[in-house]
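For reference, the chains in residue letters:
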Number of protein chains: 2
Amino acid sequence: MSTELRYYYDLMSQPCRALYIFLEMTKIPYRRCPIDLRKGEHLTDEFRAINRFPKVPCIVADGDFHLAESVAIIQFLAREYPEIPDHWYPRNSRTRARIDEYMAWQQHNTRSLCAAYFMYVWLRPRMLGTTVRPERAEQIKDEMERCLDFIEREYLGRGSKFIVGDEISVADLLAACEIEQPRMAGYDPCAGRPNLTAWMGRVREVTSPFYEQAHVVVNKIAAATNAALNKL
Amino acid sequence: MSTELRYYYDLMSQPCRALYIFLEMTKIPYRRCPIDLRKGEHLTDEFRAINRFPKVPCIVADGDFHLAESVAIIQFLAREYPEIPDHWYPRNSRTRARIDEYMAWQQHNTRSLCAAYFMYVWLRPRMLGTTVRPERAEQIKDEMERCLDFIEREYLGRGSKFIVGDEISVADLLAACEIEQPRMAGYDPCAGRPNLTAWMGRVREVTSPFYEQAHVVVNKIAAATNAALNKL
């Protein structure tokens, strides 16, 4: 068991929010080390000494073990804190394999596709002054929607309450936090997807109040975007 | 422990080669189920019943447990066959975390960037008749080279013999098989990278003759591409 854990994060980042909710829900003791991506705090020499990659989330355990990548961090914490409730990352070999399968699959699906839409439509125009080409936005949206429809149908359309089985796991935290991201660009991932809508509600309910805490800024930006779109 | 394991693969796929070498090296008993991607065998209804995603690699354990994603498969097999040598996926929590970190990191780095070059320059023109735009090829090459330079410097430039520590692990199999891929498009990943060159040699040596077996077609295509380039 790690005796001291520092967590570096920015709640604008999807996996950072998932890990924040995970740490709060499991009551793993940790020290909050916020990093402001918009101020470029992850690009300083000081931060590069913490994480060579350099990005968030990352952790430092016991003062000397530096680890990046949300999936690897979750797997490490599950080993180091075996007392956390089993449902987060079950020991049952097949259930765990199904969660690992989702965590690998999401990398080129939920994670990259929802982020791509948010970045192209919302972030890059604001940070880099780029123009949004409607046909390119539509193409990126199509790819994201194919992924969301797959989740609606394959992961949530076969009677299970959560991504893997009927109990919440780390797969749900990672999935929900990614799916929240395009809301900031004015896209409603729940529209026309009843299974996803019900599941998002369950994830929010089970992880309250930490889910809301993690999404304060996301919700604020999503509301502002929707207000601006409604004026058009 | 699984009593019966079926492995679906095509050695043109990088993670399929890594898993093939892993299965052969660890002597995990399995049945070979080759799937020819070029013939579209992964797109048949029969194969979709085996893997909903539908892609290779995937496994079926004990006749009823279907699992995709190379990383999840490796983690599952390490649990199901605890007798395999520890160095492949060490139980030591920190060492395992470092391997998990690489396996997550590679998804948007070694895996996607080396594949992107191979697909843009070699595969898509042959499969889809697309044209290679030199400036786009150069851009994709730059991204791949930044990744290879990072591996040369950060993973292999700090005195360790393998990606994580001095013993070979699943991280090396995944990394080496990805880095072989652009050779088919005429790119030599070893040129100007002495650490990578020495490491590739070690991986090949330790995993002989399975590494060569896995790369028969890759080597044939790479030789043909180089012969064609030399004629230009």
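Residues numbered from 1 in each chain as written. Chains lettered and ligands numbered in written order. Predicted model: local features only at pLDDT ≥ 70, side-chain atom pairs only at ≥ 80, totals over all residues. Heavy atoms only, no water.

### Brief notes about the packing of aromatic side chains
What the rule picks out here adds up to 30 aromatic pairs over all chains. Relative to B:Trp105, the ring of A:Phe53 has its centre 5.7 Å away and its plane inclined at 40°; by these criteria the two rings are tilted. One end of the pair, A:Phe53, is in the loop between helix H2 (45–50) and strand S3 (58–61); the other, B:Trp105, is in helix H4 (residues 93–105), on a second chain. The two residues A:Phe53 and B:Trp105 agree in class, both being buried. When the centroid spacing of 6.1 Å and the interplanar angle of 65° are considered together, the rings of B:Tyr8 and B:Phe47 count as edge-to-face. (Phe/Tyr/Trp six-rings, centres within 6.5 Å; stacked < 30°, edge-to-face > 60°. Helix = DSSP H or I, 4+ residues; strand = E, 2+ residues; numbered from the N terminus. Buried < 20%, exposed > 50% of the residue type's maximum accessible area, 1.4 Å probe, protein only.)

### Points about the pairing of strand S4 (residues 65–68) of chain A
Residues and elements named next belong to chain A. Note: S3 against S4, four bridges, orientation antiparallel. Across the sheet, residue Ala-61 finds its bridge partner in S4, namely Phe-65. Between S3 and S4, which pair antiparallel and follow one another directly, the connecting turn spans three residues, one of which, Asp-62, has a positive phi of 55°. (Pairing = 2+ DSSP bridges.)

### Examining the pairing of strand S2 (residues 31–34) of chain A
Pairing of strand S1 (residues 5–9) of chain A with S2(A) involves four bridges; the strand directions are parallel. The residue bridging A:Arg6 from the neighbouring strand is A:Arg31, located in S2(A).

### Brief notes about the domain arrangement of chain A
All names here are of chain A. Each assigned domain of chain A is listed here: domain 1 (6–88) and domain 2 (93–230). Between the C-alpha centres of domain 1 and domain 2 there is a distance of 20 Å. Taken together, the contact between domain 1 and domain 2 spans 18 residues of the former and 29 residues of the latter. When the two sides are added together, the surface that domain 1 and domain 2 hide from each other amounts to roughly 2200 Å², 69% of it contributed by carbon and sulfur. Counting across the domain 1 and domain 2 interface gives zero salt bridges. Between the two partners, domain 1 and domain 2, sit ten residue pairs in polar contact (both at pLDDT 80 or more). For the side of domain 1 that touches domain 2, the secondary-structure elements that each account for two or more residues are helix H1 (14–26) and helix H3 (70–80). The dominant element in the side of domain 1 that touches domain 2, judged by the number of residues it contributes, is H1, at nine residues. Here the residues of the side of domain 1 that touches domain 2 sort into eleven nonpolar, four polar and three charged. (Domains from an automatic or database assignment. Contact = heavy atoms within 4.5 Å. Buried area = accessible area lost by both parts, 1.4 Å probe. Salt bridge = Lys/Arg side-chain N within 4 Å of Asp/Glu carboxyl O. Polar contact = N/O pair within 3.5 Å; in protein donor to acceptor, adjacent residues only side chain to side chain. Nonpolar A, V, L, I, M, F, W, Y, C, P; charged D, E, K, R; others polar.)

### Looking at the UniProt feature "domain: GST N-terminal" (unreviewed entry) in chain A
When the UniProt feature table is mapped onto this chain, "domain: GST N-terminal" (unreviewed entry) is found at residues 3–85 of chain A. The span residues 3–85 of chain A is 36% helical and 20% strand by assignment, and the distance between its end C-alpha atoms comes to 19 Å. (UniProt positions renumbered as here; feature names shortened; annotations may be inferred.)

### Details of the sheet that holds strand S3 (residues 58–61) of chain B
Residue and element names in this part refer to chain B. Across the sheet, four strands lie side by side as S2-S1-S3-S4; this open sheet has mixed pairing. Edge positions in the sheet fall to strand S2 (31–34) and strand S4 (65–68), since each has one partner strand and no second. The average angle at which neighbouring strand axes cross in this sheet is 20°, direction not considered. Each of strand S1 (5–9), S3 and S4 touches helix H3 (residues 70–80); the most contacted strand, S4, lies at about 130° to it. (Axes fitted to C-alpha atoms, helices over the stretch in contact; angles between N-to-C directions.)

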